[in-house]
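# Chain and residue survey
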Amino acid sequence: METAPANPSNSKAIASLVLGIISIISLLTFFGAIITPITSIIGIVLGTSARKTNPSGMATAGFVLSIIALSLFGLGILIVIMFSAALLPLFM
């Protein structure tokens, strides 16, 4: 008995959701600076592609999680830059 192949847009939605979750979790790890931007951007691309072909809740959730993770990553980088600029005169 053969099974029908998985819907490609559903596979993209699942991949986007998984990458969004990985992006959020990787923010809390030491390697978050490497993993988060990569997984977030790929999750956004896959989520957008899945939402265009077959809109679903999983595609939207993956898209939103990826955008939140990328935004928090950018905010973290901005905070580090601001604190380092503020503390730099103390070491000169």
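I will try to describe carefully the structure that is included in this document. (Residues numbered from 1 in each chain as written. Predicted model: local features only at pLDDT ≥ 70, side-chain atom pairs only at ≥ 80, totals over all residues. Heavy atoms only, no water.)

### A look at the overall build of the protein
On a plain count of helices and strands, the protein comes out with three helices and zero strands. For the protein, the C-alpha radius of gyration of 17 Å lies well beyond 12 Å, the compact-globule estimate for 92 residues. Considering only C-alpha atoms, the protein reaches an extent of 75 × 25 × 15 Å along its principal axes. Taking all 92 residues of the protein together, the buried fraction comes to 24%. In the protein, of all internal contacts separated by at least 6 residues, the share reaching a separation of at least 24 is 70%. (Helix = DSSP H or I, 4+ residues; strand = E, 2+ residues; numbered from the N terminus. Rg over C-alpha atoms; globule rule 2.2 N^0.38 Å. Buried < 20%, exposed > 50% of the residue type's maximum accessible area, 1.4 Å probe, protein only. Contact = heavy atoms within 4.5 Å.)

### Focus on helix 2 (residues 32–53)
Taking 1.5 Å per residue, 22 residues should reach 32 Å; helix 2 reaches 31 Å between its end C-alpha atoms and fits that length. Restricting attention to buried positions, one finds in helix 2 the residues Gly32, Thr36, Pro37, Thr39, Ser40, Gly43, Ile44, Gly47 and Ala50. (Expected span 1.5 Å × (residues − 1).)

### Considerations on the side chain of Ser26
Of note, Ser26 is situated in helix 1 (residues 8–26). Among the polar contacts listed, one links the side chain of Ser26 to the backbone oxygen of Ser23, at a separation of 3.0 Å. Non-local contacts of Ser26, meaning those with residues more than four positions away in its chain, are made with Gly32, Ile35 and Thr36. (Polar contact = N/O pair within 3.5 Å; in protein donor to acceptor, adjacent residues only side chain to side chain.)

### Observations concerning helix 3 (residues 57–87)
Across its 31 residues, helix 3 extends 45 Å between first and last C-alpha, which sits within 8% of the 45 Å expected from 1.5 Å per residue. Taken residue by residue, helix 3 has Ala59, Gly62, Phe63, Ser66, Ala69 and Phe73 as its buried positions.

### A few points about the packing of aromatic side chains
In this description, a pair of aromatic rings is defined by centroid distance and the angle of the planes. As enumerated under the stated definition, the model contains one aromatic pair in all. When the centroid spacing of 5.3 Å and the interplanar angle of 75 degrees are considered together, the rings of Phe30 and Phe31 count as edge-to-face. Of note, Arg51 hangs over the ring of Phe63, and the distance from its end group to the ring centre comes to 4.7 Å. (Phe/Tyr/Trp six-rings, centres within 6.5 Å; stacked < 30°, edge-to-face > 60°. Lys NZ or Arg CZ within 6 Å of the ring centre and 35° of its normal.)

### Digging into the environment of Asn10
Checked against the element boundaries, Asn10 lands in helix 1. Owing to a relative accessible area of 33%, Asn10 belongs among the partly exposed residues under this scheme.

### With respect to the side chain of Ser40
In this fold, Ser40 is placed in helix 2. Among the polar contacts listed, one links the side chain of Ser40 to the side chain of Ser23, at a separation of 3.2 Å. Setting aside residues up to four positions removed in sequence, Ser40 forms contacts with Ser23, Ser66, Ala69 and Leu70.

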